[in-house]
Structure formats: structure tokens, C-alpha cells
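Working through the structure, step by step
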Amino acid sequence: MAISPVTIPIHQLQFAPGSAVRIDEISWPAFEQLLQDLGEKRAARVAYFNPVLELMVPLPEHEVPRDLISDLVKVLLRVTQQRYQPFGSTTFRKEGVAGIEPDACFYIKHAEQMIGRRRLEPSDPPPDLAIEADVTSKTALSAYQALGVPELWIYSQSKLKIYSLEGDRYCQVSASPIFPGFDVAQLVPETIERAWKIGSDQAVEEFRAKVN
């Protein structure tokens, strides 16, 4: 007797914090459908680079570095008098190729263009800076490369790695092209460690005093 496969809607699956699932040979239409099935209010984050899909559920301790790094970037942008437009964890897509949801991202060079934008348009540029905390994978890096995000920060295992897009490839660099006068690779991890001890608000104030 033939056994029929059982199909379970993806939104009904339960993923434990810290888990990651990789699925190979996923078409672009299937990826788009999966995003719809998951909905906007979900714990899982996605990274897609044709034809590989990764679903990741961050650990609770992931939230502190994610929010704190975003706050530190805002401090630096104000100190350097650069206009910006934050876009949070919006899903960015390159049709048929890649899709990714950063922990946080910022339009800086293109800030004026993106002010008031409630929904991304196909012709919109990628964010100038994207931030990932705790999640590192080849699929995610490839997706950011394909989208053409100029600068990517990845915080993992108490270290901050900075990637700059040179041509169509990322190169790890020691200094941020957006903030060349600041040692963010050292300052950001130090501030995160301080936040665990004294709280985020106080850690941000200490950081502000250092960079002013």
C-alpha cells in the first residue's frame, strides 16, 4: 500500500531557541511562499541564497547585543553628523537570488531617499550598513553579497567582525568605512560586556563619552 506524505504548514512547526534548520533545493517561489506562511510576527529569521534556505531562532541573550549595537551605531552617526534612516529587520530581497533579514540596518548615504518609505520598492538600494548578532553562516554572507550591502557587522562569540564590499565580494577589514575614525571592532564588544554588568543605558552613556 502506498503511503502518502504528510504535509505540515511551516507556521505550525516549533523551533527551540538557538536552533537552525537548513533546507537545500528551495526555489524562489517556494521561498516567497514560505515567507507568507511564516507571517511577519515570528521568532524564526530567514536567510536565502538560491537554492539554500536557513531558518534560525536566536537565543534570548541574542536580544541584548542586537539592540545595543543598533543604539551604538546611532550614537556614532550623531557624533559624526551623518543623517540616517533605520530600517530594523526588514526582509530584503534580490528577485530569484537572495533574501535576508538583518537584526538591524541603516540607510546613511541613501537616507534622504528612504525617509517616509513604508514599503520597499524594487528599485530601492540596499541598506548602507547591516548588523547581525549571534548568527553567522555562509548562506547569510552570500545573501548580503548578492544584495550589495556595502558594510556588514557580525557580532559573534564576543567579537565584532566588519566586512566591506569590494567589487562583488566581502573583505574583512579592521576599521569601519562608515566610521573610519573609531575603533568599533574593539569599542562595540567592550560596551556589550559592560552592558551585561551595569545595564545597557549606562553602557551606552559610557560609550558616548568615549566617542565624543
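The notes below deal with the structure included here. (Residues numbered from 1 in each chain as written. Predicted model: local features only at pLDDT ≥ 70, side-chain atom pairs only at ≥ 80, totals over all residues. Heavy atoms only, no water.)

**Concerning the nonpolar core**
Operational definition: Nonpolar cores were defined as sets of buried Ala, Val, Leu, Ile, Met, Phe, Trp, Tyr and Cys residues, with membership established by side-chain atoms within 4.5 Å. Each residue gets one of three labels from its accessible area relative to the maximum for its type: buried under 20%, exposed over 50%, partly exposed in between, using a 1.4 Å probe on protein chains only.
If you look at the biggest cluster of nonpolar residues, it comprises 28 residues, and the most contacted ones within it are Val73 and Trp153. With 20 residues, the next largest nonpolar core counts Cys105, Ala130, Leu147 and Tyr170 among its residues.

**What to know about the pairing of strand 10 (residues 159–166)**
Threshold: Here, a strand pair is defined by DSSP locating no fewer than two bridges between the strands. Strands are runs of DSSP state E lasting at least 2 residues, helices are runs of H or I lasting at least 4, and numbering of each runs from the N terminus.
Judged from the 6 bridges that link them, strand 9 (residues 151–156) and strand 10 form a sheet pairing that is antiparallel. Each residue of the ladder has a partner; that of Glu151, found in strand 10, is Ser164. Where strand 9 folds back on strand 10, the antiparallel hairpin that results is connected by 2 residues, among which Gln157 adopts a positive phi of roughly 55°. Here 5 bridges tie strand 10 to strand 11 (residues 169–173), and the two strands are oriented antiparallel to one another. Across the sheet, Tyr163 pairs through a bridge with Gln172, a residue of strand 11.

**A look at the sheet that holds strand 5 (residues 92–94)**
Selection criterion: Axis definition: a line fitted to C-alpha atoms, limited for helices to the stretch in contact. Angles are taken between N-to-C directions and run from 0 to 180 degrees.
Read across the sheet, 5 strands follow the order 1-3-2-6-5 without closing on themselves; strand pairing throughout is antiparallel. Two strands bound the open sheet, and with one partner strand each, they are strand 1 (20–23) and strand 5. Averaged over all adjacent pairs, the angle separating strand axes in this sheet is 15°, with direction ignored. Both strand 1 and strand 3 (residues 52–56) contribute to a ladder of 4 bridges, which runs antiparallel. In the strand pairing of strand 3, Ala20 is matched with Met56.

**Some details on the pairing of strand 9**
Burial analysis of strand 9 places 5 of its 6 residues in the buried class, which makes it a mostly covered element. Across 5 bridges, strand 8 (residues 129–133) lies against strand 9 in parallel orientation. Counterpart to Leu129 in the pairing with strand 9 is Glu151.

**Re the layout of surface pockets**
Keep this limit in mind: A pocket here means an open set of points on a 1 Å grid, computed over the protein atoms alone, that has protein on both sides within 12 Å along at least five of seven lines. A cavity is instead a set of points where a 1.4 Å probe fits but cannot get out; residues with an atom within 4 Å of a point line either one. Grid points are joined across faces, edges and corners, and a volume is the space filled by probe spheres set on the points. Ten residues, namely Ala, Val, Leu, Ile, Met, Phe, Trp, Tyr, Cys and Pro, are considered nonpolar, four, namely Asp, Glu, Lys and Arg, are considered charged, and the remaining ones, Gly among them, are considered polar.
In this structure, the largest pocket occupies an estimated 1,100 Å³ of space. Forming the boundary of the largest pocket are 44 residues, of which Thr90, Thr91, Phe92, Arg93 and Leu120 lie nearest the centre. Secondary structure elements with two or more residues in the lining of the largest pocket: helix 1 (28–38), helix 2 (63–79), strand 5 and strand 7 (104–107). Examining the composition of the lining of the largest pocket, we find that 5 residues originate from one element, helix 2, more than from any other. When the residues that make up the lining of the largest pocket are grouped by side-chain class, the tally is 19 nonpolar, 8 polar and 17 charged.

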